[in-house]
Amino acid sequence: MGESHNFRLLVIICNLVVAMGALHISVMVFYYLRHSGAGEYVWSKQVPTASQRAAFTTPPGAEDVAVVSANVTEVTWILEKCPETSPHLVGPLRVEFSDPVDLDLIRQEPLLMDGGHYKPSECLSVQKVALIIPFRHREQHLKYWLNYLHPILQRQQLDYGVYVIEQDGEGTFNRAKLMNVGYAEALKEYDYDCFVFSDVDIIPMDDRNTYRCYEQPRHLSVAVDKFGFRLPYAQIFGGVTALSKDQYLKINGFSNNYWGWGGEDDDVSNRLSFRGMSISRPDVMTGKCKMIRHDRDKNNDPNPQRFDRIAHTRETMDTDGINSLTYSVVKVEKDKLFTKLTVDIGKADTFTPTQTHI
Ligand code: UDH
Ligand code: NGS
């Protein structure tokens, strides 16, 4: 009798312990879900609201913060990779330079962050892309570029930043050196793994021409209206091109020594083939582009040295490139649609560096 009484008492105590344990766990789960904003997002599996998206969007360069922040880590964890082909693409586009441009409309995109940075909220972009534009005295062209490209890049679901690299002063223009500066400066801001180098006056006519990197260096402006929508020659690598960080480093970036018009893109083409790479391209329909017609720029006359230089790429490429780049930043402008860096890149042969990079 006494024994069975003890046994029942033991059963009651055990049940009580189990019940208290269950209560404890339920309370913990309840408080966790209430206090974790990410919890709502995880459990509901809904498209986040604008304020949730704003809270979950880490600014470029904030990856370290994201790692220790519970909310952002949770969202990153549940976001799936963006698909190979974005579902938002529409194909052929109307590109007209007589149309009015309203950049304030473009600035209204809620996911755009200062400096021309964007990343989609619905998926994790496969690549982080820096767009580098060599620039001087082409304000009107830049307006068209921003007007057309931002919506396209957003439909392409890219995690991207726009860098306008303006050559300071009125010395002879150096397109390739500005590209190198863009590469170096963009990497100081964010962990980009792909670099799209674009002339300011070339606009893609089809959003399926994705501005990202591929297995091989990519020539994106393959069918430009001014060339009758054909390649002018097989090895051309001018206009708009995309190189991954690895591809760019393999060729030591671009030459810093092409002052004036022409040849610098042929030098890159040589570098690629000397490092065993080939040029990949979209098909001619997808790769259609329009170029804004303009007069020859001041201080960018054809470079008389260009033929001699491209004949010696093999010997010069290891010592002339990102590893020998010198410049100084004169001014930084952060617009909603771009980061503009005005840079002193010196002059042909006479440059005394005021700041050495790398
Ligand atoms: N660029 C500038 N400012 C300049 C020169 C060049 O911003 O003063 C940039 C700009 O991004 C341009 C790119 O460098 O798109 C390439 O310039 P380019 O001069 O090599 O090529 P583009 O095809 O002009 O624009 C070539 C000369 C056209 C002469 C036309 C005569 N009808
Ligand atoms: C070649 C130039 C390239 C230039 C291409 C297209 O002749 O730098 O024409 O030029 N090479 C040399 O001069 C060695 S374009 O008509 O787009 O201005 O990119």
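Higher on the page you've got the structure.
Each value, and the rule that gives it
Residues numbered from 1 in each chain as written. Chains lettered and ligands numbered in written order. Predicted model: local features only at pLDDT ≥ 70, side-chain atom pairs only at ≥ 80, totals over all residues. Heavy atoms only, no water. Near = heavy atom within 4 Å. Polar contact = N/O pair within 3.5 Å; in protein donor to acceptor, adjacent residues only side chain to side chain. Areas by Shrake-Rupley, 256 points an atom, 1.4 Å probe, with all protein chains shown as cover. Helix = DSSP H or I, 4+ residues; strand = E, 2+ residues; numbered from the N terminus. Expected span 1.5 Å × (residues − 1). Bend = angle between axes of the 7 residues up to and from the residue. Buried < 20%, exposed > 50% of the residue type's maximum accessible area, 1.4 Å probe, protein only. Pairing = 2+ DSSP bridges. Salt bridge = Lys/Arg side-chain N within 4 Å of Asp/Glu carboxyl O. Disulfide = S-S within 2.5 Å. Patch = residues over 30% accessible without salt bridge, like charges linked within 9 Å, V, L, I, M, F, W, Y side chains within 5 Å.

Enquirer: Pulling in residues and values, what's your account of the site of ligand 2?
Expert: Around ligand 2, a shell composed of Lys226, Phe227, Tyr233, Trp261, Gly262, Gly263, Asp265, Asp266, Arg306, Phe307 and Ile310 is seen. One of the side-chain N or O atoms of aspartate 265 is found 2.5 Å from an oxygen atom in ligand 2. The separation between a nitrogen atom of ligand 2 and a polar side-chain atom of aspartate 266 is 2.6 Å. Calculation on ligand 2 without its partners gives an accessible area of 450 Å², and the protein chains cover 73% of this total. Looking at the shell around ligand 2, the elements with two or more residues in it are α10 (264–274) and α11 (306–310). Of the residues forming the shell around ligand 2, the biggest block, three residues, is contributed by α11.

Enquirer: Would you mind going over helix α7 (residues 139–155) in detail, with residue names and values included?
Expert: Helix length check: α7 (17 residues) gives 25 Å between terminal C-alpha atoms against 24 Å at 1.5 Å per residue, within 8%. A bend of about 30 degrees at leucine 149 is the largest found in α7, and the proline proline 151 appears one to four places after it. Turning to α7, its buried residues are His141, Leu142, Tyr144, Trp145, Leu146, Asn147, Tyr148, Leu149, His150, Ile152, Leu153 and Gln154. Remark: glutamine 157 follows α7 within two positions and exhibits a positive phi of approximately 55 degrees.

Enquirer: Run through the pairing of strand β9 (residues 288–291), naming residues and quoting values.
Expert: Pairing between strand β5 (residues 202–204) and β9: three bridges, direction antiparallel. Among the inter-strand pairings, proline 204 is bridged to a residue of β9, identified as cysteine 289. The pairing of strand β7 (residues 223–224) with β9 spans two bridges and is parallel. Residue pairing for β9: valine 224 is matched across the bridge by cysteine 289.

Enquirer: Tell me about the pattern of salt bridges, residues and numbers included.
Expert: If you walk through the whole model with that rule in mind, you get 18 salt bridges. As a salt-bridge pair, arginine 155 and aspartate 207 come within 2.8 Å of each other at their nearest N and O atoms. With a gap of 52 residues between them, arginine 155 in helix α7 and aspartate 207 in the loop between β5 and β6 (218–219) connect regions that are remote in the sequence. A salt bridge links lysine 188 to glutamate 185; the nearest nitrogen and oxygen atoms lie 2.9 Å apart. Here lysine 188 and its partner glutamate 185 are both found in helix α8 (residues 175–189), three residues apart, which amounts to about one turn of the helix. A residue is classified by how much of its surface remains accessible, and glutamate 185, at 11% relative accessible area, is buried.

Enquirer: An account of the state of the cysteines is needed here, citing residue identities and associated values.
Expert: Applying the stated rule across the entire model yields two disulfides. Sulfur-sulfur distance for the disulfide between cysteine 82 and cysteine 123 comes to 2.0 Å. Taking the sign of the S-S torsion, about 90 degrees here, the bridge from cysteine 82 to cysteine 123 comes out right-handed. In this pair, cysteine 82 is assigned in the loop between α5 (70–78) and α6 (103–107) and cysteine 123 in the loop between β1 (117–118) and β2 (128–135), connecting sequence segments 41 residues apart. Along the protein, the cysteines engaged in disulfide bonds are linked according to the scheme 1-2, 3-4 when indexed in sequence order.

Enquirer: Any details on a nonpolar patch on the surface? Residues and values, ideally.
Expert: Together, Leu9, Ile13 and Val17 give the surface a local cluster of nonpolar side chains, amounting to about 280 Å² of exposed area. Take valine 17: it is sitting in helix α1 (residues 2–35). Using a relative accessible area of 55% as the deciding quantity, one classes valine 17 as exposed.

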